[in-house]
Amino acid sequence: MAVLKVKFTKTKRDKLAQILWILNWVSVVSGVILFSLGLFLKIEIKKRNEVMAKGDINSVPNMLISVGVIACIINFLGGKICYDCSDANKFSRWKLVMLPYIVCTFCFTFCILVGALMCYTMRNELEESLYLGLKDAIKYYKDTDIPGRCFLKKTVDMLQIGFQCCGNNGFRDWFEIQWVSVRYLNMASKEVMDRLKSNVDGKFLVDGVPFSCCNPSSPRPCIQYQLTNNSAHYNYDFLTEELNIWVRGCREALLDYYTAIMRSIGIAALLIWLFELSVLIGVRYLQTAMKNVLLLGDLEGESDGWLLENSFVETAKYNISIIKNLGKANQISTVSGMNDPNIDVQNTNCGKSNLTKSIPASS
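Being a predicted model, the structure only gives us computed values, none of them experimental.

Parameters and conventions
- Numbers given to residues run from 1 along each chain, matching the order in which its sequence is written.
- Local features are withheld for residues below a pLDDT of 70 in this predicted model, meaning they are given only at 70 or higher, and side-chain atom pairs are given and counted only at 80 or more; totals for whole chains, interfaces and linings count all residues.
- The basis for every side-chain value is the complete set of heavy atoms in the structure, and neither hydrogens nor water enter the calculation.
- By convention, a stacked pair of Phe, Tyr or Trp rings (six-membered ring in the case of Trp) has centres within 6.5 Å and planes under 30 degrees apart, an edge-to-face pair has planes over 60 apart, and any other such pair is tilted.
- Classification of residues uses two cut-offs on accessible area relative to the type maximum, computed with a 1.4 Å probe and protein chains only: under 20% is buried, over 50% is exposed, and between them is partly exposed.
- A fitted line through C-alpha atoms serves as each axis, taken over the contacting stretch for helices, and the angle formed by two N-to-C directions is quoted from 0 to 180°.
- Helix numbers and strand numbers start at the N terminus; a helix is a DSSP run of H or I with at least 4 residues, a strand a run of E with at least 2.
- Roughly parallel covers angles under 35 degrees, roughly antiparallel covers those over 145, roughly perpendicular covers 65 to 115, and oblique covers all other angles.
- For any pair of crossing helices, the crossing counts as left-handed if the nearer helix is rotated counterclockwise from the farther one by less than a right angle, and right-handed if it is rotated clockwise.
- Residues are sorted three ways: Asp, Glu, Lys and Arg are charged, Ala, Val, Leu, Ile, Met, Phe, Trp, Tyr, Cys and Pro are nonpolar, and all the rest, Gly among them, are polar.
- The definition used for a disulfide is geometric: two cysteine sulfur atoms within 2.5 Å.
- Here, a salt bridge means any Lys or Arg side-chain nitrogen found within 4 Å of an Asp or Glu carboxyl oxygen.

Visitor: Explain the packing of aromatic side chains to me, please; I cannot follow it from the model alone.
Guide: Centre distance and the angle of the planes are the two values used to describe a pair of aromatic rings. Enumeration over the complete set of coordinates arrives at nine aromatic pairs. Here Trp 174 and Trp 179 contribute two aromatic rings whose centre-to-centre distance is 6.2 Å and whose plane-to-plane angle is 75°, an arrangement assigned as edge-to-face. Summarising the burial analysis for this pair, Trp 174 and Trp 179 share the class buried. Between Trp 179 and Tyr 225 the ring centres are 6.1 Å apart and the planes differ by 20°, which places this aromatic pair in the stacked class.

Visitor: I tried to follow the packing of helix 1 (residues 10–47) against helix 2 (residues 59–84) on my own but got confused; where do I start?
Guide: Packed helix pairs are specified by the crossing angle of their axes together with the interaxial distance, meaning the distance between the axes. Packing of helix 1 against helix 2 leaves a shortest axis separation of 7 Å and a crossing angle of 165°. Comparing their axes, helix 2 and helix 1 come out roughly antiparallel. Classified by chirality, the crossing of helix 2 by helix 1 is left-handed. Residue classes in the contact of helix 1 with helix 2 are distributed as 22 nonpolar, nine polar and one charged.

Visitor: Looking at this model, I keep getting lost on the state of the cysteines. Mind explaining?
Guide: In protein structure, a disulfide is the covalent linkage between the sulfur atoms of two cysteines. Taken as a whole and judged by the stated rule, the model has three disulfides. With its sulfur 2.1 Å from that of its partner, Cys 166 forms a disulfide with Cys 213. Linking Cys 166 and Cys 213, the disulfide has an S-S dihedral of approximately 85° and is accordingly described as right-handed. Placement of the pair is Cys 166 in the loop between helix 5 (152–163) and helix 6 (190–198) and Cys 213 in the loop between helix 6 and helix 7 (250–296), with a sequence separation of 47 residues. We note that Cys 166, like Cys 213, is buried. Left unpaired, Cys 111 is separated from the closest cysteine sulfur, that of Cys 107, by 7.2 Å. The exposure class assigned to Cys 111 is partly exposed, which follows from its relative accessible area of 31%.

Visitor: Sorry, what's going on with the pattern of salt bridges here?
Guide: Two side chains with opposite charge may pair up if their charged atoms get near one another. Under the criterion given, the structure shown has eight salt bridges. Among the salt bridges present, the one from Lys 47 reaches Glu 44, with a minimum N-O distance of 3.0 Å. Pair noted here: Lys 47 and Glu 44 are both in helix 1, with a separation of three residues, about one helical turn. Judged by its relative accessible area of 54%, Lys 47 is exposed. Measuring nitrogen to oxygen at the nearest pair gives 3.1 Å for the salt bridge that ties Asp 157 to Lys 153. Taken as a pair, Asp 157 and Lys 153 lie in helix 5 at a separation of four residues, close to a single helical turn.

Function-wise, these values are silent; they only describe arrangement.
Here it is in structure tokens:
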């Protein structure tokens, strides 16, 4: 029994073909939107590539870009097919192409759904990439003279100013690494030497943060050195007073930023998926309705259209049977109900005789 069978008249078939022709062109625009969203996300990730560890975070933008390009191609072809389907004679040219086209479109539509879901599932990978990338960036903040790291200081400073954040998890991350370059330290100073010797690794560690951590909106001058020393500042209490530096870590700030972008892209991709799915259903109805018209031979008469010719269970069994029989050599598929005509045919001698010639006995 056919699933969701609908009866179409000639007028309904023509209107359906015209509507699908328009919707396929709208789908081309949706493909451009998907491509643009993927490209935008890829550019945004590339902007802060220096503070991200290498990983699979580009899989989502690459998926959206690829799906967008394929959407433009498939829907452009679909528009041409639907336009020709308004004429039964022209439809005969696409008759063998329609079913493979619908299968390819279904797979492509499924890829859109996967891309939309990936926008919501890559948060953990992005968080890990940001954590490792920011950790290395802060670690090499002072290396302004080393090739490959000379721009990290500017990158981190601009990041902290732009996103109003400080450190990886928070401002205390700067207490654990030497972020002041050696060339700015006075090695003749006893205070500097004592601090270097007091550390096991010989690092110059201070309870301070770079200037980019300062909050310019604070009414008080920025306190970026000796943050935990109350006696070093007038009327200052580290534990009770609100600090005039950014407290939020940059990992959290960047993660919130990218999560908001990916949620918006995910919603857009889901809407495009629903739209593409509706177009695919319409194309399937048009294909089955036009196919039945040709079978009936009455181009002006009514015809049935459906999503599946048989029930879901029967269709699944049919497809499983096809898959099982793929690759079996010298065996005809039993799905079509045909048997091998050479089976159970008895062999014949084709007129050959098994008589032996007798040799006359000598007298």
